[in-house]
Amino acid sequence: MLHPLPMQLDVPLFGIVGLLVLGLAIVTVWQMVRIVDAYDKRALTVFGEYRGLLEPGINFVPPFVSRTYRFDMRTQTMDVPQQEAITRDNSPVTADAVVYLRVMDAKKAFLEVEDYKTAVSNLAQTTLRAVIGDLELDDTLNKRQEINARIRKELDEPTDDWGIRVESVEVREVNPSQEVQHAMEQQTGAERRRRATILEAQGERRSAVEKAEGDKQSNIIGAQGEKQSQILEAQGDAISTVLRAKSAESMGERAIIDKGMDTLEGVGQGESTTFVLPQELTSLVGRYGKHLTGSDVAADGQQLDSLDFDAETRELVGLDDIKEILGEIDQAAEMDVEELEQQAKAVKDGVPNAADADQGGDGA
């Protein structure tokens, strides 16, 4: 009755050992396998000794005695806390920045620096204060690109020894103290008022200039019109004079005879019985009488014609050129009228110095 009892005790013990072995195998496999993401690398140590970097994918390591340290190989963003600094012209400011960095050599980042993010952050803070301290307040507000470039240059050399590359540094804000901001606002307001005053004065000056220019153009056109009027009046007087001379030419000998007859009539009314007549008058009266009565007493056959001016007199009064003179006058009048219309249109359209340009052309 006592023999079956040991057999019952052996069966549960075997099951427990089997479970322990299975559990140990699972834990061992779990410790041996390391899965690395595509954007990561991991540093491997065995018994504290650096053994290398695990590449992305499935990696097998010695179980229970291995440790891995993850490094993100992508570009990382790190905020630089707000820093207080004093500019070269003793103006207090606060500034903060953003640093963009990337792990280029995971081995150096693991072996050369304890915590590369903390190290870069502290270095960026001190560099930011130093760069701002070398600049004046106006430069810190206006030369952001220069500040970014200087900070990046200062961070580049030490971070290379850590296997880190600083890709970019961006200063986000630079804020002066409240007193300085108030003074800057007053200065900005004064500058705006000054610009508004200048713009208003310039507008008034431009308006006055344009008004004076318009008055000038109006006076020029009025003077041009007055000049053309005087020219046309003088040309009309010349035409009248020429026409009167032409009419005098047509009178000729008839006018002289009529004048002589009037003289004879006056002489005949006198008390004297003796009269002395010039030979030229008697000759003209005879020719006139023959012409009127159709007598054939004078055999020379001359008729009473108009007296022609000699060549010098005709050239002096311009009888031969009367048609040409009239044509030139008409043409000049048409050109002057057209020129006045063009100048008036130019002034209406706002073209400056239109009349001056025409006067310059006439003078040339």
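Please read all numbers here as calculations on a predicted model, not as lab measurements.

Analysis parameters
- Residues numbered from 1 in each chain as written.
- Predicted model: local features only at pLDDT ≥ 70, side-chain atom pairs only at ≥ 80, totals over all residues.
- Heavy atoms only, no water.
- Pairing = 2+ DSSP bridges.
- Helix = DSSP H or I, 4+ residues; strand = E, 2+ residues; numbered from the N terminus.
- Axes fitted to C-alpha atoms, helices over the stretch in contact; angles between N-to-C directions.
- Contact = heavy atoms within 4.5 Å.
- Expected span 1.5 Å × (residues − 1).
- Bend = angle between axes of the 7 residues up to and from the residue.
- Buried < 20%, exposed > 50% of the residue type's maximum accessible area, 1.4 Å probe, protein only.
- UniProt positions renumbered as here; feature names shortened; annotations may be inferred.
- Salt bridge = Lys/Arg side-chain N within 4 Å of Asp/Glu carboxyl O.

**Concerning the sheet that holds strand E6 (residues 76-86)**
And step 1. Overall, antiparallel pairing links the 3 strands, which are arranged E6-E7-E8 in an open sheet. Strands with a single pairing partner mark the edges of an open sheet, and in this sheet they are E6 and strand E8 (164-176). Across the sheet, the mean angle from the axis of one strand to that of its neighbour is 20°, orientation sign disregarded.
And step 2. Strand direction decides the pairing type here: strand E7 (residues 92-103) and E8, joined by 11 bridges, are antiparallel. Bridging across to E8, Ala-95 finds its partner in Val-174.
And step 3. Packing against the sheet, helix H3 (residues 116-133) makes contact with E6, E7 and E8, and its axis sits at approximately 35° to E6.

**Thoughts on the environment of Met-73**
And step 1. Residue position: Met-73 is located in the loop between strand E5 (66-72) and E6.
And step 2. Sequence-wise, Met-73 and Leu-101 are 28 residues apart; in three dimensions their C-alpha atoms are separated by 9.8 Å.

**Remarks on helix H5 (residues 144-161)**
And step 1. End to end, H5 covers 27 Å across 18 residues, agreeing with the expected 26 Å (1.5 Å per residue, within 8%).
And step 2. In the structure, H5 departs most strongly from a straight axis at Leu-155, where the bend amounts to approximately 30° and where the proline Pro-158 lies between one and four residues downstream.
And step 3. Three or more residues of H5 are buried, namely Ile-147, Asn-148, Ile-151, Leu-155 and Thr-159.
And step 4. The elements touched by buried residues of H5 are H3, helix H4 (137-142) and E8.

**Structural notes on the environment of Val-180**
And step 1. Residue position: Val-180 is located in helix H6 (residues 178-268).
And step 2. Taking the C-alpha atoms as reference points, Val-180 and Pro-92, 88 residues apart in sequence, are found 8.6 Å from one another.
And step 3. Residues within four places of Val-180 in sequence aside, it is in contact with Ser-91 and Leu-137.

**What to know about the UniProt feature "transmembrane region" (unreviewed entry) in the protein chain**
And step 1. UniProt records the feature "transmembrane region" (unreviewed entry) for residues 12-33 in the present numbering.
And step 2. From the first C-alpha to the last, residues 12-33 spans 32 Å; its make-up is 95% helix and 5% strand.

**With respect to the pairing of strand E3 (residues 49-54)**
And step 1. In this sheet, E3 lies alongside strand E2 (residues 40-46) in antiparallel orientation, the contact comprising 5 bridges. Paired with Thr-45 across the two strands is Tyr-50, which belongs to E3.
And step 2. Between E2 and E3, which pair antiparallel and follow one another directly, the connecting turn spans 2 residues, one of which, Phe-47, has a positive phi of 55°.

**Some points on the sheet that holds E3**
Backbone-to-backbone hydrogen bonds join strands into a sheet, with any given pair of strands oriented parallel or antiparallel.
And step 1. Read from one edge of the open sheet, 3 strands run E3-E2-E5, paired in antiparallel fashion. With partners counted over all chains shown, the strands left at the sheet margins are E3 and E5, one partner each. Taken pair by pair, the neighbouring strands of this sheet meet at an average axis angle of 25°, ignoring direction.
And step 2. As defined by bridge partners, E2 adjoins E5 across 7 bridges and the pair is classed as antiparallel. Directly across from Leu-44, in E5, lies its bridge partner Thr-68.

**Details of H3**
And step 1. Counted at 1.5 Å a residue, the expected span for H3 with its 18 residues is 26 Å, and the 26 Å between its end C-alpha atoms agrees.
And step 2. Burial in H3 covers these residues: Tyr-116, Ala-119, Val-120, Ser-121, Ala-124, Gln-125, Thr-127, Leu-128, Val-131 and Ile-132.

**Concerning the pattern of salt bridges**
Pairing between side chains of opposite charge can happen when the charged atoms of each approach one another.
And step 1. Within this structure, the stated rule accounts for 14 salt bridges.
And step 2. Salt-bridge contacts for Lys-211 lead to Asp-215; the nearest nitrogen and oxygen are separated by 3.4 Å. Within this pair, Lys-211 and its partner Asp-215 are both found in helix H6, separated by 4 residues, close to a single helical turn.
And step 3. Through salt bridges with shared partners, one network takes in Asp-40, Arg-70, Asp-72 and Arg-74.

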